[in-house]
Structures are given as structure tokens and as C-alpha cells.
Amino acid sequence: MRFVKRENIRAGMVLASAIYSRDGNCMLNSNVRITNEYANRLQEMEISGIYIYDQLSADIHVEQALTRETIENIYNVTKRKDYDRCMFVAAALVNDLLAHIDDLPNVATLAAYDDTTFQHSINVAMYAAKLGIELGFTKEQLEQAAAAGLMHDIGKQGVDIGIIDKEGSLTPEEIELVRRHPTLGFEMVKDYISIPAVVKHAILCHHEDFDGNGYPNRYDFRSLRELDLVIHICDVYDALISKRSYKDAYSPNVALSFLMSKSGIMFKPEHVQSFLNCMFPYTTGMEVELSDGRHVVIKENYRGFPMCPDVITKRTMEVISLRDNTDLMITKIL
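The residue numbers shown here count from 1 along each chain, following its written sequence. Local features are withheld for residues below a pLDDT of 70 in this predicted model, meaning they are given only at 70 or higher, and side-chain atom pairs are given and counted only at 80 or more; totals for whole chains, interfaces and linings count all residues. Excluded from the side-chain calculation are hydrogens and water; included are all heavy atoms of the structure.

**Q** For this particular structure, what's the right way to read the nonpolar core?
**A** Nonpolar side chains in soluble globular proteins generally cluster together in the buried interior. Counting residues in hydrophobic clusters, the biggest one holds 60 residues, and the most contacted among them are L93, L131, M151, C234 and F275. Strands are runs of DSSP state E lasting at least two residues, helices are runs of H or I lasting at least four, and both sets are numbered from the N terminus onward. Contributions of two or more residues to this core are made by α2 (68-79), α3 (86-99), α4 (116-135), α5 (139-151), α9 (197-205), α10 (226-241), α11 (252-261) and α12 (269-278). Per-element accounting of this core gives the leading share, 10 residues, to α4. Here, residues are in contact when the closest pair of their heavy atoms is within 4.5 Å. Excluding anything up to four places from it in sequence, M151 contacts Y83, C86, V189, I195, V199 and I203. By convention a nonpolar core is built from buried Ala, Val, Leu, Ile, Met, Phe, Trp, Tyr and Cys residues, the set being connected through side-chain atoms within 4.5 Å. In this scheme, a residue with accessible area under 20% of its type's maximum is buried, one over 50% is exposed, and one in between is partly exposed, where area comes from a 1.4 Å probe on protein chains only.

See below:
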């Protein structure tokens with residue numbers, strides 16, 4: 001299967017994974033052939049793209065990390081603000097991830113969802129759990145990491161949506177309003193006995209920097225907990241690679257370079273290194289361009305080599321190992 005960006009969706013393509021609507025229901029299932037009507041609708045949605053079947057990627061299989069049941073349960077819990085059940089769905093997310101523990105580099109982290117806020121929250125939860133696995137977290141700690149990822153931005157519900165989605169720069173007053181969301185989120189969950197204190201603390205502190213220059217309280221690593229800093233790096237990475245009303249998406253290699261440049265400043269150095277070990281920015285099935293101009297599809301990722309997957313050329317279907325061809329590099333996502 002192959003990943004196709006939203007703007008390149010065309011009639012006749014065959015879906016390889018399901019697409020979910022804004023209300024949490026499965027809109028199109030796998031194996032459906034896209035019509036002109038479907039293509040037009042999909043291009044209007046807030047998804048980044050879709051997986052399709054085609055001849056080029058016939059031998060590329062991309063396993064979805066989360067089951068349909070898990071995704072729908074998470075959606076229902078977050079949209080209904082049913083925070084008492086958040087640890088339950090976080091546990092389901094972790095169980096799904098651990099079921100793919102031997103092949104995490106080549107597991108797709110999310111089905112297409114027409115809701116950028118939900119997609120960001122579930123992405124952060126997935127990254128946090130994967131980073132936790134790399135850091136040697138216990139099962140209980142992994143569930144706490146996933147729950148904190150799912151709920152880290154709930155305080156944005158208390159900020160005017162016009163400010164959250166504003167195109168262009170925010171005014172100083174608007175910046176201060178946005179920076180209230182960690183405190184607002186903490187206030188929303190502080191009395192829930194079903195939510196562990198460490199998760200509540202991560203909601204409050206997910207914008208605090210390792211060196212103490214974050215917000216809202218300017219805590220540094222001496223006052224921050226491990227989970228606070230885990231959610232921070234995962235949140236920043238997903239924000240960088242995501243398109244928003246006020247910015248274009250950064251390429252994954254630029255985003256990872258940013259994380260490295262802020263090691264010991266915004267982020268705990270150990271977390272930066274572990275993030276590089278377990279995150280694979282070029283998803284299996286994604287079409288990219290190499291430094292020599294060739295268009296290729298990502299075939300397989302390898303642990304320890306996040307920027308050096310195996311790829312298949314579009315013209316000749318030749319398999320190239322970027323680990324063995326150090327003069328070649330990925331320059332952009334197509």
C-alpha cells in the first residue's frame with residue numbers, strides 16, 4: 001500500500017485503510033474504490049492523506065497500530081469529555097501498540113481522521129507511549145503517558161476558537177490567553193480521582209522547558225517530572241510536522257533537527273536521543289524525493305536509522321537501501 005497526500009487523491013484509487021468522519025464514525029472502509037464524489041469530499045476534509053493499494057506498492061504492507069474499536073472508544077471519550085474513562089482507553093492504546101512491539105518502525109500510527117485537534121491529541125499519545133517504551137517505562141507508566149497525551153490540550157477548550165485557529169501572528173494579549181491552557185486543563189481534571197496525579201501534572205507542565213524558560217510557571221528540570229518532559233517533546237514534534245491555519249508543516253528532518261538543537265534547552269537530552277531512536281518520520285508507503293531527484297516510496301524502516309529506510313523507485317521499482325547509499329538522502333515528501 002502507498003500513502004497519498006490529500007491533494008493528490010483521485011477517482012479510481014482503492015482505499016487500503018479506513019477513513020473516519022468528524023463525528024467518529026467510519027466514513028469509508030478499506031477496499032472501497034474512490035469515486036469522483038468521494039475524491040472531492042476527501043480533499044475538503046482535514047486529513048493529511050490516505051493509504052491506497054497500487055501496483056508499485058503491492059508488496060508493502062502497512063499495519064495500523066490501533067484497532068478501529070480503540071480509535072472509536074478514544075474519540076468518544078475525548079469528545080464527550082468522559083475523563084473518568086480516559087485511563088481505560090489509554091490502556092487500550094498501549095495494548096494495541098505492544099501487540100506490534102516487534103514491528104513498530106513500520107506500523108502506521110493513525111487512520112485518517114477529519115479532526116485536527118483529535119488527530120494531534122492521539123498522535124501525541126502514540127508518540128509518548130512509543131517514547132516510553134524506548135525509555136523502559138512500566139506498563140502502568142505507558143498508560144499514564146498515553147492518557148497525558150490524549151488530555152494534554154483539553155484546556156484549549158477554554159480559549160476562544162478564533163484565537164486557536166487564527167491565521168498569522170497572535171497579539172501579546174492573545175498569546176497570554178493561549179498560554180493559560182495548561183492551567184485551564186489542570187483545573188478541569190484536578191478533582192478526578194480516576195486520573196493519576198502524574199497525568200494531571202503533565203497536563204499542567206507540558207509547555208515547561210528543561211532549562212526553565214517555558215510556561216505557565218517557568219519550572220525547570222528540578223521541578224519537572226519525567227512524564228512532563230516526555231509530553232513536551234512529543235507535543236512540539238507533532239506541532240512542527242502538522243499544517244495549521246497559521247503555518248505550513250515542517251518536513252520531518254527539519255523537525256528532528258530542531259529537537260536536536262534544543263537538547264538541554266527545551267528538552268531533556270536523554271529524551272531527544274531516545275526520540276531519534278524510536279520515531280520514524282517517513283511512514284512506510286509514503287512517497288518522497290531523493291537528493292538525486294528520483295521519486296521513491298518508503299518500503300521499510302529500521303531501528304536506529306530513522307532517516308535511512310529502504311525505498312522503491314517509481315520508474316524502475318528498484319529497491320534502494322539508504323543505509324548502504326550514504327550519498328543519497330530524502331529531501332522532501334511528495
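**Q** Please explain the pattern of salt bridges as it appears in this structure.
**A** Should their charged atoms come close, side chains of opposite charge can pair. Only one rule defines a salt bridge in this text: a Lys or Arg side-chain nitrogen within 4 Å of an Asp or Glu carboxyl oxygen. Under the defined criterion, the tally for this structure stands at 11 salt bridges. As a salt-bridge pair, D220 and R222 come within 2.5 Å of each other at their nearest N and O atoms. Note that E270 and K268 form a salt bridge whose closest N and O atoms lie 3.8 Å from each other. A residue is classified by how much of its surface remains accessible, and E270, at 41% relative accessible area, is partly exposed.

**Q** Help me out: how do you make sense of the packing of aromatic side chains in this one?
**A** What characterises a pair of aromatic rings is the spacing of the ring centres plus the angle enclosed by the ring planes. Aromatic rings from Phe, Tyr and Trp, with only the six-membered ring used for Trp, were paired whenever their centres fell within 6.5 Å, and each pair was classed as stacked if the ring planes differed by under 30 degrees, edge-to-face if by over 60, and tilted otherwise. Enumeration over the complete set of coordinates arrives at five aromatic pairs. When the centroid spacing of 5.9 Å and the interplanar angle of 80° are considered together, the rings of Y83 and Y192 count as edge-to-face. On the criterion of sequence distance, the pair formed by Y83 in the loop between α2 and α3 and Y192 in the loop between α8 (181-189) and α9 is long-range, its members being 109 residues apart. For Y83, a relative accessible area of 5% corresponds to the buried category.

**Q** What am I meant to see in the confidence of the model for the chain here?
**A** If pLDDT is low for a region, its predicted coordinates should not be looked at in detail. Scored from 0 to 100, pLDDT records how confident the predictor is in each individual residue. When pLDDT is averaged across the chain, the result is 87; 93% of the residues are at 70 or more. Across the chain, α9 holds the top mean pLDDT of 98, while strand β8 (residues 112-113) sits lowest at 54.

**Q** Can you walk me through the packing of α10 against α12 in this structure?
**A** When two helices pack together, their arrangement is given by the angle between the helix axes and by the axis-to-axis distance. Helix axes are fitted to C-alpha atoms over the stretch in contact, other axes to C-alpha atoms as well, and angles between N-to-C directions run from 0 to 180 degrees. Relative to each other, α10 and α12 sit at 50°, their axes nearing to 10 Å. When the axis of α10 is compared with that of α12, the two are oblique. For the pair α10 and α12, the sense of crossing is right-handed. Seen from α10, the contacting residues are E226, L229, V230, I233, C234 and Y237; seen from α12, they are H271, V272 and F275. Throughout, the term roughly parallel applies to angles under 35 degrees, roughly antiparallel to angles over 145, roughly perpendicular to angles from 65 to 115, and oblique to all others. Left-handed describes a crossing in which the near helix is turned anticlockwise from the far one by less than a right angle; the clockwise case is right-handed.

**Q** Is there a simple way to explain the pairing of strand β9 (residues 287-290) in this structure?
**A** Every other side chain in a regular strand lies on the same face of the sheet, so the side chains alternate between the two faces. Side-chain alternation along β9 places E287 and E289 on one buried face and V288 and L290 on a second face that is also buried. Across three bridges, the pairing between β9 and strand β10 (residues 295-300) is antiparallel. Each bridged residue has a counterpart across the sheet, and for V288 the counterpart in β10 is V296. Counting the residues in the hairpin turn of β9 and β10 gives four residues, including G293, whose phi is positive at 95°. Two strands make a pair as long as DSSP finds a minimum of two bridges between them.

**Q** Would you mind showing me how to read the side chain of S121 here?
**A** Relative to the assigned elements, S121 resides in helix α4. Relative accessible area serves as the criterion here: at 11%, S121 is assigned to the buried category. Setting aside its immediate chain neighbours within four residues, S121 contacts G149, L150 and H152.

**Q** Just to check I follow, could you spell out the packing of α10 against α11 for this structure?
**A** Packing of α10 against α11 brings their axes to within 9 Å, and their N-to-C directions diverge by 145°. The element α10 and its partner α11 pack so that their crossing is right-handed. For the pair α10 and α11, the contacting residues are I233, V236, Y237, L240 and I241 in the first and P252, A255, L256, F258 and L259 in the second. Residues are grouped as follows: Ala, Val, Leu, Ile, Met, Phe, Trp, Tyr, Cys and Pro are nonpolar; Asp, Glu, Lys and Arg are charged; every other residue, Gly included, is polar. In the contact of α10 with α11, the residues fall into 10 nonpolar, no polar and no charged.

**Q** I would appreciate a short explanation of the sheet that holds strand β5 (residues 49-53) in the present structure.
**A** Two orientations exist for strands paired in a sheet by backbone hydrogen bonds: parallel and antiparallel. With respect to topology, three strands assemble into an open sheet ordered β1-β5-β2, the strand pairing being antiparallel. With partners counted over all chains shown, the strands left at the sheet margins are β1 (2-5) and β2 (14-15), one partner each. As defined by bridge partners, β1 adjoins β5 across four bridges and the pair is classed as antiparallel. Directly across from K5, in β5, lies its bridge partner G49.

**Q** Can you walk me through unusual backbone geometry in this structure?
**A** The amide bond that connects Y215 to the next residue, P216, takes the cis arrangement and shows omega of 10°. Secondary-structure assignment places P216 in the loop between α9 and α10. A positive phi is found at R218, a non-glycine position, where the angle reads about 55°.

**Q** Mind showing me how you'd approach the sheet that holds strand β13 (residues 330-333) here?
**A** Reading across the sheet, the five strands line up as β12-β11-β10-β9-β13 and stay open at both edges, with antiparallel pairing between neighbours. Edge positions in the sheet fall to β12 (319-321) and β13, since each of these pairs with one other strand and no more. Averaged over all adjacent pairs, the angle separating strand axes in this sheet is 45°, with direction ignored. The pairing of β10 with strand β11 (residues 310-313) spans four bridges and is antiparallel. For V297, the partnering residue across the bridge sits in β11 and is I312.

**Q** I tried to follow α4 on my own but got confused; where do I start?
**A** An α-helical segment advances 3.6 residues per turn. Residues three or four places apart therefore align on the same side. To estimate the expected span of a helix, count its residues, drop one, and scale the result by 1.5 Å. Taking 1.5 Å per residue, 20 residues should reach 28 Å; α4 reaches 28 Å between its end C-alpha atoms and fits that length. Within α4, 16 of the 20 residues are buried, leaving the element largely enclosed by the surrounding structure. Positioned one or two residues after α4, G136 has a phi angle of 85°, which is positive.

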